[in-house]
Amino acid sequence: MHRSVQRPRQRLTRILVGASAVPLMLVASGCSSDSGDGSGDDAKKESGSSASSSPTEAAAVVKEATYAKLPEPCKVFSSKTLKELVPEGTKSGKEGKSEDIGTRGNCSWDSLDNKGVDGSQFRWLNVSLLRFESDQSRGTGEKLASEYYTKHAEDARAVEDAKNTKSQPVSGTGNEATLVTYDLKKKEGTFRQQTLVTRVENVVVTVDYNGAGLAGNDSPKAADLTKSAEKAAKEAVQAVVTANGGNSGATSGADASASPDKSASESSGKGSDLGGDSDDNASPTRSATKKD
């Protein structure tokens, strides 16, 4: 009797011990399955890293500048516009020297309407063009042009000895435009300067226009000069667009390592001598220097 009771107890003990061992095996098996050799997780990480790096590398590529070329500076204005702004100097256009005509250029005209004892009227017109190319380290051509535009407009407001300096934004001319006006007194008379700086995509266009009444003649009205300068700036902007096929999708194929951030025209905001050689003679406004 005693033996028969003991045997069932022994069997029950074996069953309980065996049952308790099953969860331990399952846990051990699960841990072993999760840890593995790590190759699956590493592959997923590498795959995710590779997938995320591609868009980043693509985003780092700077897009090409909008405009790839500049118009010939001395052909920017129509004969009608030149007749209005420099009536006695439509054929006096002088193209400035440029190391790279693809990124910078300028042209100037002067007009002297001599009326003898009744005095004279002098006009001077200059257009300068500066094109920026996209650069991987510095940014897009549009960004570089915008930075130069801002600085150039500030410089135009800082001409030494300038009087009655005023600055205002101009709408309808390129992407952004600023008009700076001031008077500059010289021994020949008072010159009224109009400097209109505008940016069209990756090109900065500067139109300088000034006038003076000499030998006792009345000075031109600032409002008339401003109207003419704005008209000339719009025409110059259109010339840039036309030179690139008349659309905003033109691409740049030039060397992005070029450094067009050097001034496009050393004469921006400066004038021409009265009928003299603009390269050798100081002019009514050319001798103006910037304030520190």
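Position numbers for residues count from 1 along each chain, tracking the sequence in the order it is written. The predicted origin of the model limits local features to residues at a pLDDT of at least 70 and limits the giving and counting of side-chain atom pairs to 80 or more, whereas totals for whole chains, interfaces and linings rest on all residues. Side-chain measures here rest on the full set of heavy atoms in the structure, leaving out hydrogens and waters.

## Let's talk about the packing of aromatic side chains
Thought 1: Each Phe, Tyr or Trp ring, with Trp reduced to its six-membered ring, pairs with another whose centre is within 6.5 Å; inter-plane angles below 30 degrees give stacked pairs, above 60 give edge-to-face pairs, and intermediate values give tilted ones. One pass over the full model with this rule turns up three aromatic pairs.
Thought 2: Here the aromatic rings of Phe132 and Tyr148 are separated by 5.6 Å at their centres, their planes lie at 45°, and the arrangement is tilted. Pair noted here: Phe132 is in the loop between strand S3 (120-131) and helix H4 (141-156) and Tyr148 is in helix H4, with a separation of 16 residues, a long-range link. Helix numbers and strand numbers start at the N terminus; a helix is a DSSP run of H or I with at least 4 residues, a strand a run of E with at least 2.

## Describing unusual backbone geometry
Thought 1: With a phi close to 55°, Asn164 is a non-glycine residue in the positive phi region.
Thought 2: Mapped onto the secondary structure, Asn164 falls in strand S4 (residues 163-169).
Thought 3: One non-glycine residue with positive phi stands out, namely Ala215, at about 55°.
Thought 4: By secondary structure assignment, the location of Ala215 is in the loop between strand S7 (203-214) and helix H5 (222-243).
Thought 5: The rule is simple: take the accessible area with a 1.4 Å probe, protein chains only, and divide by the maximum for that residue type; under 20% is buried, over 50% is exposed, in between is partly exposed. You can call Ala215 exposed: its relative accessible area is 60%.

## Things to note about the side chain of Ser92
Thought 1: As for its position among the elements, Ser92 is in the loop between helix H3 (79-85) and strand S1 (94-95).
Thought 2: Pairs of N or O atoms within 3.5 Å make up the polar contacts considered here, provided that, within protein, one atom can donate a hydrogen while the other can accept it, and that residues adjacent in sequence are counted only when both atoms are side-chain atoms. Polar contacts involving the side chain of Ser92 include one to the main-chain carbonyl oxygen of Gly89, which spans 2.6 Å.

## Overview of H5
Thought 1: Helices are assigned an expected span. That span is 1.5 Å times one less than the residue count. Relative to the 32 Å expected for 22 residues at 1.5 Å per residue, H5 spans 31 Å between its end C-alpha atoms, a close match to the ideal helical length.
Thought 2: Looking at the packing, one finds that the buried side of H5 touches H3, S3, strand S5 (176-186), strand S6 (189-200) and S7.
Thought 3: Taken from the residues just after H5, Gly245 is the one with a positive phi, measuring 85°. Whether two residues are in contact is decided by their heavy atoms, any of which lying within 4.5 Å being enough.

## A short note on the state of the cysteines
Thought 1: By disulfide we mean two sulfur atoms from cysteines, separated by a distance within 2.5 Å. Under the criterion given, the structure shown has one disulfide.
Thought 2: Sulfur-sulfur distance for the disulfide between Cys74 and Cys107 comes to 2.0 Å. Across the S-S bond of Cys74 and Cys107 the torsion is about 95°, and the bridge reads as right-handed. Of this pair, Cys74 sits in the loop between helix H2 (39-60) and H3 while Cys107 is found in strand S2 (residues 104-114), placing the two residues 33 residues apart along the sequence.
Thought 3: Since its relative accessible area comes to 26%, Cys74 is described here as partly exposed.

Geometry only, nothing functional implied.
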